[in-house]
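Geometric and topological summary
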Amino acid sequence: MGLSQTLLIYALVCVHFGVSQHFLRLRPLPSDHLPVPDLKEDPDPEYDPREQDLAERTLRKKLGSNFDPNFMSISLPVVNISTPEPLGKPGPMPTEIKKLDLTETPYGKRVKVGKKARRKFLQLLWTFTYCPVVYTWKDLGVRFWPRYIKEGNCFSERSCSFPEGMSCKPVKSVNKIFLRWYCQGFLRQKYCTWIQVQYPVISECKCSC
């Protein structure tokens, strides 16, 4: 199942005099591929922000209300991994599972299912097919501010179906606004500044083919 209207960071290369590649720019494009793959950067430190470009007060003001401490951090948090809810205690049961008809058999006959048995079976089904989002802190590098993002991944240690074959896949994402160090020009004639970019983070996963 694909994601609708999510944003993926792509690198665009500025070409000077038709041949040289000197800076990377972020451009959001529709994508079904999350989490966002690592961005290939120009390793030349000339295109890194200087110490005076990293003034926290100035950057916080530039980012404004888009700064979300739940998903971004200036320094690497002490706890690097945010674990999902225990697999035996998933979140609220989805409506499509609650409404399952357990009385109809493959042969067209109907059977009586007690309320207690139905509730236990549906809870077992939901526990088995539940797909939590596992969050880990990722370092985006010095050309992003804040440089650390809490990135989501779908739980993948086992199949989420019986018989096996289906797996947890992303179905929803949220966009977080970061600052990106963006350069134009060539060497000493270049001009660099911070621009706002959207970074998609997986927010919900679902058992799917």
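Residues numbered from 1 in each chain as written. Predicted model: local features only at pLDDT ≥ 70, side-chain atom pairs only at ≥ 80, totals over all residues. Heavy atoms only, no water.

**A word on the packing of aromatic side chains**
Here a ring pair, both rings aromatic, is described through the centre-centre distance and the interplanar angle of the planes. Under the definition given, this model contains 4 aromatic pairs. Consider the rings of phenylalanine 67 and tryptophan 145, whose centres lie 6.1 Å apart with planes at 40 degrees: the pair is tilted. Of the two residues, phenylalanine 67 sits in the loop between helix H1 (56–63) and strand S3 (72–73) while tryptophan 145 sits in strand S6 (residues 144–145), which places them 78 residues apart along the sequence. Given the relative accessible area of 5%, tryptophan 145 is considered buried. The residue whose ring lies beneath arginine 60 is phenylalanine 67, and the NZ or CZ to ring-centre distance is 4.2 Å. (Phe/Tyr/Trp six-rings, centres within 6.5 Å; stacked < 30°, edge-to-face > 60°. Helix = DSSP H or I, 4+ residues; strand = E, 2+ residues; numbered from the N terminus. Buried < 20%, exposed > 50% of the residue type's maximum accessible area, 1.4 Å probe, protein only. Lys NZ or Arg CZ within 6 Å of the ring centre and 35° of its normal.)

**Focus on the side chain of serine 73**
Residue position: serine 73 is located in strand S3. Among the residues examined, serine 73 registers a relative accessible area of 15% and is labelled buried. A polar side-chain atom of serine 73 sits 2.4 Å from the main-chain carbonyl oxygen of serine 75. Sequence-distant contacts of serine 73, that is, excluding residues within four places in its chain, are made with Trp137, Pro146, Arg147 and Tyr148. (Polar contact = N/O pair within 3.5 Å; in protein donor to acceptor, adjacent residues only side chain to side chain. Contact = heavy atoms within 4.5 Å.)

**Let's talk about the state of the cysteines**
Under the definition given, this model contains 4 disulfides. One disulfide in the model links cysteine 154 with cysteine 205; its S-S distance is 2.1 Å. When the S-S torsion is -90 degrees, as for the bridge of cysteine 154 with cysteine 205, the disulfide is left-handed. With cysteine 154 in strand S7 (residues 148–154) and cysteine 205 in strand S9 (residues 191–208), this pair connects stretches of sequence that are 51 residues apart. For cysteine 154, a relative accessible area of 14% translates into the label buried. Here cysteine 183 is linked by a disulfide to cysteine 192, with a sulfur-sulfur distance of 2.0 Å. (Disulfide = S-S within 2.5 Å.)

**Brief notes about the side chain of glutamate 151**
Counting through the fold element by element, glutamate 151 comes out in strand S7. For glutamate 151, the side chain forms a polar contact with the side chain of tyrosine 199, separated by 3.2 Å. Setting aside its immediate chain neighbours within four residues, glutamate 151 contacts Pro35, Val36, Val134, Tyr135, Thr136, Lys138, Tyr199 and Val201.

**A closer look at the sheet that holds S9**
A sheet is described by the order of its strands in space; here 3 strands give the open sequence S6-S8-S9, paired in antiparallel fashion. Two strands in the sheet have a free side with no partner beyond their single neighbour: S6 and S9. Sheet topology places strand S8 (residues 167–184) next to S9; 17 bridges connect them, and they run antiparallel. Its bridge partner being in S9, proline 170 is matched across the sheet by cysteine 205. (Pairing = 2+ DSSP bridges.)

**A look at the nonpolar core**
Residues Leu63, Trp145, Phe178 and Tyr199 are the most contacted members of the largest nonpolar core, which totals 31 residues. No other element matches S9, which puts 8 residues into this core. Residues Met93, Ile97, Leu122 and Trp126 belong to the second largest nonpolar core, which totals 5 residues. (Core = buried A, V, L, I, M, F, W, Y, C linked by side-chain atoms within 4.5 Å.)

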